[in-house]
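One letter stands for each residue in the lines below.
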Amino acid sequence: MSWVMIFSLAGGCYFFKLGGLVAANTTRPTPRLNRVLSGLTPAVLAGLIVVQTLDGGGTLNVGAGTVGLLVGGLAARRGAPFAWVLVLAAGVTAALRLL
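Treat the numbers as computed from the prediction; the structure is a model and nothing was measured.

Caption draft 1: Expanded view of the overall build of the protein. When helices and strands are tallied, the protein shows four helices and zero strands. Beginning at the N terminus, the succession of helices and strands in the protein can be written as α-α-α-α. The globule rule puts the C-alpha radius of gyration for 99 residues at 13 Å, and the 20 Å found for the protein is more than 25% above it. Looking at the 99 residues of the protein, the share that counts as buried comes to 9%. With an accessible surface of roughly 8200 Å², the protein has 73% of that area assigned to carbon and sulfur atoms.

See the structure below:
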């Protein structure tokens, strides 16, 4: 990738952000759009987690990371603090990889 392309993309990102700030001062989204947008972030994050956990380079990869994700998900569902969720998921994944 050339430097011209990098600077062009950086400039485009800057102007999109600037356009968003200008538009935010003149228009407000409807309450329905706010609900849709607020649900979009967790959905995209969940999709990224699933893809990173299960993608084995074009094949389905079920292993220690998958079990760690399930343990972390169960701990979060039961209301465990976030730090414990991370420790449990990482601990289970590490233990299974040692086997």
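Caption draft 2: Spatial organisation of helix H1 (residues 3-26). Taking 1.5 Å per residue as the helical rise, H1 with its 24 residues ought to reach 34 Å, and the 35 Å between its terminal C-alpha atoms agrees with that figure. Among the 24 residues of H1, zero are classified as buried, and the element is accordingly described as predominantly exposed.

Caption draft 3: Spotlight on the packing of helix H2 (residues 31-54) against helix H3 (residues 64-77). In contact at an axis separation of 8 Å, H2 and H3 are set at 150° when each is read in the N-to-C sense. Where H2 approaches H3, its residues Ile-49, Thr-53 and Leu-54 are matched on the opposing element by Gly-65, Thr-66 and Leu-69. Grouping the amino acids of the contact of H2 with H3 by side-chain chemistry returns three nonpolar, three polar and no charged.

Caption draft 4: Structural context of the packing of H3 against helix H4 (residues 82-98). Packing of H3 against H4 brings their axes to within 8 Å, and their N-to-C directions diverge by 155°. Judged on the interaxial angle alone, H4 and H3 are roughly antiparallel. Here H3 runs over H4; the crossing is right-handed. Two secondary-structure elements touch here, H3 through Ala-64, Gly-65, Val-67, Gly-68, Val-71, Gly-72, Ala-75 and Ala-76 and H4 through Val-85, Leu-88, Ala-89, Val-92, Thr-93, Leu-96 and Arg-97. A per-class count over the contact of H3 with H4 returns ten nonpolar, four polar and one charged.

Criteria and cut-off values
Residues numbered from 1 in each chain as written. Predicted model: local features only at pLDDT ≥ 70, side-chain atom pairs only at ≥ 80, totals over all residues. Heavy atoms only, no water. Helix = DSSP H or I, 4+ residues; strand = E, 2+ residues; numbered from the N terminus. Rg over C-alpha atoms; globule rule 2.2 N^0.38 Å. Buried < 20%, exposed > 50% of the residue type's maximum accessible area, 1.4 Å probe, protein only. Areas by Shrake-Rupley, 256 points an atom, 1.4 Å probe, with all protein chains shown as cover. Expected span 1.5 Å × (residues − 1). Axes fitted to C-alpha atoms, helices over the stretch in contact; angles between N-to-C directions. Contact = heavy atoms within 4.5 Å. Nonpolar A, V, L, I, M, F, W, Y, C, P; charged D, E, K, R; others polar. Parallel < 35°, antiparallel > 145°, perpendicular 65-115°, else oblique. Left-handed = near helix turned anticlockwise from the far one by under 90°.

These values are about where atoms sit, not about what they do.
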